[in-house]
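# Observations on the model geometry
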Amino acid sequence: MADLRNIPTKEEMRKAQEARHGKELQKKFAGSTVAICGLGGLGSNVAISLARAGIGKLILIDFDEVDITNLHRQQYKAFQIGLPKTEALSANLQEIAPYVETETHTVRVTEENLEELLGEADIICESFDKAEAKAMLVNGVLETFPEKYLVSASGMAGFGSPNTIRTRRVMERFYLCGDGVSDVADDIGLVSSRVMLCAAHEAHTILRILAEKFEP
């Protein structure tokens with residue numbers, strides 16, 4: 001159990017982040033809400049990167065529980081097996097960034113609840129495993145929230161070169177990260193380092209959007 005007596009104050013954390021990002025940019029980060037749909041290898045890593053950067057609020061959405069097979073690439077602990085991923089990740093984030101606000105939804109995202117779940121978010125991050133779920137979310141967001149930014153991922157499996165993971169601006173407010181080719185269905189599996197690399201692309205893209213540094 002962490003000793004909460006030793007954590008920095010909120011003001012100390014803010015000043016430390018401002019020293020790295022600048023006062024105005026950190027103010028943008030702190031005032032932003034990001035929804036992360038799927039808390040597996042992509043989403044759990046994205047959440048931690050954004051929390052460390054000082055994003056003000058994270059909406060965490062996943063219907064699943066932590067499983068032993070998740071531990072090699074997802075940001076959970078062995079003793080959290082069996083817990084809802086939303087609950088486990090929220091607890092882990094509080095240890096890393098105690099002043100980040102988290103809103104959790106232990107549900108499956110569907111066409112019916114998408115608007116309710118994501119309406120508050122400034123930026124939506126798609127981090128699902130299955131292609132069908134990815135397509136549903138992307139199509140739903142583009143149709144329901146054309147004014148919002150969407151960051152998605154496709155292709156991060158196997159032992160391919162890390163240099164093939166890239167970020168593309170597909171539409172004005174739609175970014176896609178990954179190699180666009182590799183698939184777990186090819187039986188080459190998911191490797192922690194490559195999944196984390198793609199997650200870092202997603203997280204960094206979100207921060208760049210907030211900093212108004214857009215891909216061409």
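One structure accompanies this document, and this report is about it. (Residues numbered from 1 in each chain as written. Predicted model: local features only at pLDDT ≥ 70, side-chain atom pairs only at ≥ 80, totals over all residues. Heavy atoms only, no water.)

## Structural notes on the overall build of the protein
Inclusion rule: Counting from the N terminus, the helices are the DSSP runs of H or I reaching at least four residues and the strands are the DSSP runs of E reaching at least two. Throughout, the radius of gyration refers to the C-alpha atoms, and the reference size of a globule is 2.2 Å times the residue count to the power 0.38. Relative accessibility under 20% of the residue-type maximum defines a buried residue, over 50% an exposed one, and the middle range a partly exposed one, all with a 1.4 Å probe and only protein chains included. Per-residue and other accessible areas were derived by the Shrake-Rupley procedure at a 1.4 Å probe size, with only the shown protein chains allowed to occlude residues. We treat Lys and Arg as the positive residues and Asp and Glu as the negative residues; His and chain ends play no part in the count. Charge placement uses NZ in Lys and CZ in Arg. For Asp and Glu, CG and CD serve respectively.
When you go through the protein residue by residue, the secondary structure sums to seven helices and seven strands. For the protein, the N- to C-terminal ordering of α and β elements is α-α-β-α-β-α-β-α-β-α-β-β-β-α. Taken over the C-alpha trace, the protein has a radius of gyration of 17 Å; the compact-globule value for 216 residues is 17 Å, and the two agree within 12%. Principal-axis analysis of the C-alpha atoms gives the protein an extent of 50 × 40 × 40 Å. Put simply, the protein has 216 residues, and 46% of those count as buried. As displayed, the protein offers around 11,200 Å² of accessible surface, 52% of which is attributable to carbon and sulfur atoms. Treating the 24 positive side-chain charges of the protein as one cloud and the 32 negative ones as another, the clouds have centres 9 Å apart.

## Side note on helix α4 (residues 85-96)
Our working rule: In this scheme, a helix's expected span is set at 1.5 Å multiplied by one less than its residue total. Contacts are assigned to residue pairs with any non-hydrogen atoms lying within 4.5 Å of each other.
In a regular helix each residue adds 1.5 Å, so twelve residues correspond to 16 Å; α4 covers 16 Å between its end C-alpha atoms and thus fits that length. The inward-facing, buried residues of α4 abut α3 (43-53), β2 (57-61) and β3 (101-105).

## A look at the nonpolar core
Heads up, the condition is: What is meant by a nonpolar core is a set of buried Ala, Val, Leu, Ile, Met, Phe, Trp, Tyr and Cys residues, joined one to another through side-chain atoms within 4.5 Å.
Ile36, Leu50, Leu58, Leu93 and Ile206 are the most contacted members of the largest nonpolar core, which has 38 residues in total. The element best represented in this core is helix α7 (residues 192-210), accounting for eight residues. Leave out the neighbours within four places in its chain, and Ile206 touches Val34, Val46, Leu50, Ile123, Cys125 and Val151. In terms of nonpolar packing, the next biggest core, distinct from the first, is built from 18 residues, Ile59, Ile124, Met136 and Val141 among them.

## Re a negative patch on the surface
To keep things clear, this is the line we draw: Grouping into patches uses exposed residues only, defined as over 30% relative accessible area, and leaves out salt-bridged ones; the cut-off is 9 Å for like charges and 5 Å for nonpolar side chains (Val, Leu, Ile, Met, Phe, Trp, Tyr). Salt bridge, as used here, is a side-chain nitrogen of Lys or Arg placed within 4 Å of a carboxyl oxygen of Asp or Glu.
Side chains of Asp64, Glu65, Asp67 and Asp129 sit close together on the surface and give a patch of like negative charge. Among the structural elements, Glu65 can be located in the loop between β2 and α4.

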